[in-house]
Amino acid sequence: MADNSEIILGQVLQDQNETIAPEMSAPDFFEVFCAEQATKEYELSYEEIQAGIVDGEHDGGIDSFYTFVDGECVGEEVGFTLPKKSADLEVVIIQSKSTSGFSETPINNMILSLRRLLSLSQDFDTLTQYNSEVKSRADIFRKSYRRLASKFPSLKIKIIYACTKSTADVHQNTQLKAEELVDTLKSLFDEAEVSFKLWGAKELLVLARTKPTQTFELTFDQSLNGSNGYVALVKLRNFYTFLLGGGSEIRSDLFEANVRDYQGSTEVNQEISNTLESGRADDFWWFNNGVTILASRASSGGSIITIENPQIVNGLQTSSEIGRFFSGVDRNDARSVMVKVVASENEEVRDKIIKATNSQNQVPLASLRATDKIQRDIEHHLKANGYFYDRRKNFYKNEGKPAAKIISIALMAQAVMTLFRGEPDNARARPSSLIKDDAVYNSIFADTYALDAYLVAASTIRKIELKLKETSGLVARDRNNIRFYVLFWVCALKSKSISLNADRVSKLKGQISSDDISEAISEVWHLFSNAGGVDQIAKGPSFKEEVKDKVKDKIQAHFQAS
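Numbering of residues begins from 1 in every chain and follows the order in which that chain's sequence is written. Where totals are concerned, whole chains, interfaces and linings use all residues; where local detail is concerned, this predicted model gives features only for residues with pLDDT of at least 70, and gives and counts side-chain atom pairs only at 80 or more. In computing side-chain properties, one takes all heavy atoms of the structure into account and sets aside hydrogens as well as water.

Caption draft 1: Spatial organisation of the overall build of the chain. The helix and strand tally for the chain stands at 22 helices and 15 strands. Taking 2.2 N^0.38 as the reference for a compact globule, 562 residues should give roughly 24 Å; the C-alpha atoms of the chain span a radius of gyration of 25 Å, in line with that estimate. On the principal axes, the C-alpha backbone points of the chain span a range of 85 × 65 × 50 Å. A simple rule labels every residue: compare its accessible area, found with a 1.4 Å probe on the protein chains alone, to the largest value its type can have, and call it buried under 20%, exposed over 50%, or partly exposed in between. Out of the 562 residues in the chain, the part that is buried amounts to 51%. Note on contacts: a residue pair qualifies if any of its non-hydrogen atoms lie within 4.5 Å across the two residues. Partitioning the contacts of the chain with sequence separation of at least 6, the portion at a separation of at least 24 is 73%. To be clear on the numbers: accessible area is Shrake-Rupley with a 1.4 Å probe, and residue cover counts the displayed protein chains and nothing else. Of the accessible surface of the chain, which amounts to about 25400 Å², a share of 47% is contributed by carbon and sulfur atoms. Only four residue types enter the charge count, namely Lys and Arg as positive and Asp and Glu as negative; His and the chain termini do not. A single reference atom marks each charge: NZ on Lys, CZ on Arg, CG on Asp, CD on Glu. Both charge centroids of the chain, one from 67 positive and one from 78 negative side chains, sit 3 Å from each other. A run of H or I in DSSP counts as a helix once it spans at least four residues, and a run of E counts as a strand once it spans at least two, with each numbered from the N terminus. The globule rule used here is 2.2 Å times the number of residues to the 0.38 power, and the radius of gyration it is set against is calculated over C-alpha atoms.

Caption draft 2: Focus on the sheet that holds strand E4 (residues 154-163). For two strands to be treated as a pair, DSSP must find no fewer than two bridges joining them. Reading across from one edge, E2-E1-E3-E4-E5 is the order of the five strands in this open sheet, with mixed pairing throughout. The open sheet terminates on both sides in strands that have one partner only, identified here as strand E2 (72-73) and strand E5 (193-199). Here strand E1 (residues 64-69) pairs with strand E3 (residues 88-97) via six bridges, running antiparallel. Considered in E3, the bridge of Val 69 is made with Leu 89. Simply put, an axis is a line fit to the C-alpha atoms, just over the touching stretch for a helix, and the angle between two N-to-C directions goes from 0 to 180 degrees. Helix H6 (residues 172-188) contacts E4 and E5 of the sheet and is inclined by roughly 155 degrees relative to E5. Where helix H7 (residues 201-209) meets the sheet, it contacts E4 and E5, and its direction lies at approximately 105 degrees from that of E5.

Caption draft 3: Up close: the nonpolar core. We define a nonpolar core as any set of buried Ala, Val, Leu, Ile, Met, Phe, Trp, Tyr and Cys residues linked to one another through side-chain atoms lying within 4.5 Å. Within the largest apolar cluster, 57 residues are counted, with the highest numbers of intra-cluster contacts made by Leu 382, Met 412, Phe 420 and Phe 445. Among the secondary structure elements, those contributing two or more residues to this core are helix H12 (373-384), helix H14 (409-420), helix H16 (438-444), helix H17 (451-470), helix H18 (476-495), helix H19 (502-506), helix H20 (514-531) and helix H22 (541-561). If we ignore the near neighbours within four places in the chain, the residues touching Met 412 are Ile 378, Leu 382, Tyr 389, Ile 407, Phe 445, Tyr 454, Ala 457 and Ala 458. Ala 87, Leu 127, Ile 140 and Leu 181 belong to the second-largest nonpolar core, a separate cluster that totals 41 residues.

Caption draft 4: Inspection of the packing of helix H4 (residues 104-117) against H6 at higher detail. Put simply, H4 and H6 touch, their axes get as near as 9 Å, and they point 10 degrees apart. Here H4 is positioned roughly parallel relative to H6, judged by the angle of their axes. The residues of H6 that touch H4, namely those facing Glu 104, Ile 107, Asn 108, Met 110, Ile 111, Leu 114 and Arg 115, are Asn 173, Thr 174, Lys 177, Ala 178, Glu 180, Leu 181, Thr 184, Leu 185 and Leu 188. For classification purposes, angles smaller than 35 degrees are called roughly parallel, those larger than 145 roughly antiparallel, those between 65 and 115 roughly perpendicular, and all remaining angles oblique.

Caption draft 5: Seen up close, empty space enclosed by the protein. Using a grid of 1 Å spacing that covers the protein atoms alone, one calls a set of points a cavity when a 1.4 Å probe fits there but cannot get out, and a pocket when the set is open and has protein on both sides within 12 Å along at least five of seven lines; lining residues are those with an atom within 4 Å of a point. Grid points are joined across faces, edges and corners, and a volume is the space filled by probe spheres set on the points. For the coordinates displayed, the defined rule picks out two cavities of 30 Å³ or more. Reported here for the largest cavity is a volume of approximately 70 Å³. When residues of the lining of the largest cavity are traced back to their parent elements, those giving at least two are helix H3 (46-51) and strand E15 (406-408). Residue classes in the lining of the largest cavity are distributed as three nonpolar, three polar and four charged. The calculated volume of the second largest cavity comes to roughly 50 Å³. Residue lining of the second largest cavity: Ile 20, Ala 21, Met 24, Phe 29, Val 32, Tyr 46, Gln 50 and Ala 403, and that is the complete set. For the lining of the second largest cavity, the elements supplying multiple residues, two or more each, are helix H2 (26-38) and H3. Of the residues that constitute the lining of the second largest cavity, the class distribution is seven nonpolar, one polar and no charged. When residues are sorted by character, Ala, Val, Leu, Ile, Met, Phe, Trp, Tyr, Cys and Pro go into the nonpolar class, Asp, Glu, Lys and Arg into the charged class, and all the rest, Gly among them, into the polar class.

Caption draft 6: Representation of the packing of H2 against H7 in the model. Contact pair H2 / H7: the axes reach a minimum separation of 10 Å and the direction vectors enclose 65 degrees. As far as their axial angle goes, H7 and H2 are roughly perpendicular. Crossing hand, H2 versus H7: left-handed. When H2 is examined against H7, the residues Phe 30, Phe 33, Cys 34 and Gln 37 are found in contact with a partner set consisting of Leu 204, Leu 207 and Ala 208. Here the residues of the contact of H2 with H7 sort into six nonpolar, one polar and no charged. Crossing handedness is defined as follows: a turn of the near helix away from the far one that is anticlockwise and smaller than a right angle gives a left-handed crossing, while the clockwise case is right-handed.

Caption draft 7: Inspection of the pattern of salt bridges at higher detail. Within this document, salt bridges are pairs made up of a side-chain nitrogen of Lys or Arg and a carboxyl oxygen of Asp or Glu, the two lying within 4 Å of each other. The final tally for this structure, using the stated rule, is 28 salt bridges. Put simply, Lys 158 and Glu 90 hold a salt bridge, and the shortest N to O gap is 3.7 Å. Residue Lys 158 is located in strand E4, and its partner Glu 90 is located in strand E3; the two are separated by 68 residues in the primary sequence. The burial state of Lys 158 is the same as that of Glu 90; both residues are buried. For Arg 421, the salt bridge identified is with Glu 423, shortest N-O distance 3.3 Å. Judged by relative accessible area, which is 32%, Arg 421 ranks as partly exposed. Of the residues examined, Glu 423 reaches a relative accessible area of 15% and is grouped as buried. The structure contains a network of salt bridges with shared partners spanning Glu 76, Glu 133, Arg 428, Arg 477, Asp 535 and Lys 539.

Shown next as structure tokens:
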């Protein structure tokens, strides 16, 4: 008989499934739900969550697999900046079962699989018993570990076994198997901190109810109050406490609006570190430009500023160095950092503040993408047409909008790179680097382009993704490999030209049917599988040219027939 927590969890899952992802089956949504709870502290987007789901045939008992370096999720490109000192490397691996209780079998499967998949010396070509998705995610970890090896990273491996049943009656043998799994992983990485957690209905409900704190308190020594803002001197230790946001780790979501990533071992950061480590009597704020925090609201009472929805828009490097300085060390440091708090809910004002506070030092234009007028215009246009452009990461996810209607800047860039530049191969191969190059960015995002072109790109790629999931015989890797080729195929064929541009794409609004997409999937998949059907084919230029030639032949045949 189900207990109350199982009944309530069932209703929560049903409601969220219907609201967020009605196209998903209940078991598939449970995987997304569990992955979201397991990675909640990292504030992953739905796209990032989906990318880590490896469930399917030959998954080795693993449903989801994520690698994080210094709090950032690592993707296929493994393109993070090397830190100047040590680094935090964390692996989160999840097994989620929505139809049965806890048992030894899934843990046994993980013991066998992880012994092979996490081994740095294992030749993955010999592991034919595992699907390409799980091997790819494991290889992301291996590449990250090797790249960080000289920095002696702090390694954490977190294994989660989640189930909709209660943990109250878990058999002792299952607990013993969990201990065996932990010992197995420690034998691979003796320096690692390895944990195994059983999440039942009660535990999942607690996690689902836990929302990231959005109201922070900043304790100051002295402050100057102005219109909608404050300038304060804050003890370094108090600022570090603010960065933790009530937890034990620095809240990465505080930096979503910062236009720079942490830059690692740069001359400026080394100077910040040296100033902190010197411990001299001179105050820290004398030698540092300080930190700017943008908030929706801020109020002061006593020696505390209460800040709603804070975003550190300038001072990421300073904040990161202060975090490293205090992390794991109990320091009695009387020095202060200067903090500016500006409160505004006006999006244009906020964007201007972000740009203005980052103009003192040279910042590549690519770093300021989300604040560009064209990005705001796309957001407004898509919203008016039932889609949600997530130029501010997870803004619409946190509002509970359907996952299939949310479009990230990265996905939009991939879609319009495919259409405006005819490069589905680059869209597949370099998803995180497309908008870092100014010339590329300006060729796909411009005020002169019709906004309907972006709407067509967004709506069509989302419809293609849904149709691909309905297509039998395709696993996640296959869908990811061909989706941009399908996008190019259907739009080029409908436009009767392989030389697409924003104007031609904009005219396709309302013109692409479900049957058009199904036919394109069938044609592209046939070509792709015949070409070899592997990642390297999708990422290379040869298959792109083959697709273009086939579309051109079909267009010519159409004109000849008419």
